[in-house]
Amino acid sequence: MILILSVLAVAPSALAATGTEKTGLVDTQKVLDQMPEKKKAENILTATGTQWQKGLDKLKKDFQTAATDYEKQKKSLSKTAIEQKEKDLNLKYQSIQKYQLEKFGPGGALEKKQNELFAPIRKKFLTAVQAVAKKEGFSVIIDKQAVVYGDKSADITFKVIDQLK
């Protein structure tokens, strides 16, 4: 165990001493904020989510109306009619839950739409980062948000933004 820990402690300094590793930093959020494709994708995603939310709101309103009508009529209905109305209300409620899960739940349509819209943006970003890294001789690029300390000379954010233009 001590041997493994000592190797892990010495390995980074040994790599740095050989000078074979050059690490760069990129502010991913800053780069993405400069991309018009991101703003367009966000607008499409927001519009889609709003449209689906309106559909959900309509289902909820229809359910609420049906529930209110049922409560008003309940005293004058037969046992069979009450059971049928309650069954109908239960089906409406289940359809609301199903719609909400299908559209907004984990792995739902909104998440799939987000992945569909942002996949080409991520690919374009990564291609630009790779191009700058190769051009500048970096072997590793780290997101700036995950770094405790980084020399400004290692920051390639603006080079990546230029590469995207």
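Residues numbered from 1 in each chain as written. Predicted model: local features only at pLDDT ≥ 70, side-chain atom pairs only at ≥ 80, totals over all residues. Heavy atoms only, no water.

Colleague: Where do I start with the side chain of Lys-103 in this structure?
Modeller: Take Lys-103: it is sitting in helix 4 (residues 79-104). Here Lys-103 occupies a buried position and makes no salt bridge, while the nearest side chain of opposite charge, Glu-102, is found at 5.9 Å. (Helix = DSSP H or I, 4+ residues; strand = E, 2+ residues; numbered from the N terminus. Buried < 20%, exposed > 50% of the residue type's maximum accessible area, 1.4 Å probe, protein only. Lys, Arg positive; Asp, Glu negative; His and termini not counted. Salt bridge = Lys/Arg side-chain N within 4 Å of Asp/Glu carboxyl O.)

Colleague: Would you mind showing me how to read the packing of aromatic side chains here?
Modeller: A ring pair, where both rings are aromatic, is described by two values, the distance of the centres and the angle of the planes. In total, this model carries one aromatic pair according to the counting rule given. Centroid distance Phe-63 to Tyr-93: 5.7 Å. Interplanar angle 50 degrees. Geometry classified as tilted. Here the residue Phe-63 occupies a position in helix 3 (residues 36-73), and Tyr-93 occupies one in helix 4, the gap between them amounting to 30 residues. The exposure class of Phe-63 is buried, given its relative accessible area of 19%. (Phe/Tyr/Trp six-rings, centres within 6.5 Å; stacked < 30°, edge-to-face > 60°.)

Colleague: Please clarify how the nonpolar core should be interpreted in this entry.
Modeller: Buried together is how nonpolar side chains tend to be arranged in soluble globular proteins. In terms of nonpolar packing, the biggest core is built from 19 residues, with Val-31, Phe-125 and Val-160 touching the most fellow members. Listing elements by their share of this core, those giving two or more residues are helix 2 (28-34), helix 3, helix 5 (109-136) and helix 6 (157-164). Per element, the largest residue contribution to this core is eight residues, and it comes from helix 5. Those residues in contact with Val-160, other than ones at most four positions away along the chain, are Val-26, Val-31, Phe-125, Ala-128, Val-129 and Val-132. In terms of nonpolar packing, the next biggest core, distinct from the first, is built from nine residues, Leu-56, Phe-63, Ala-67 and Tyr-99 among them. (Core = buried A, V, L, I, M, F, W, Y, C linked by side-chain atoms within 4.5 Å. Contact = heavy atoms within 4.5 Å.)

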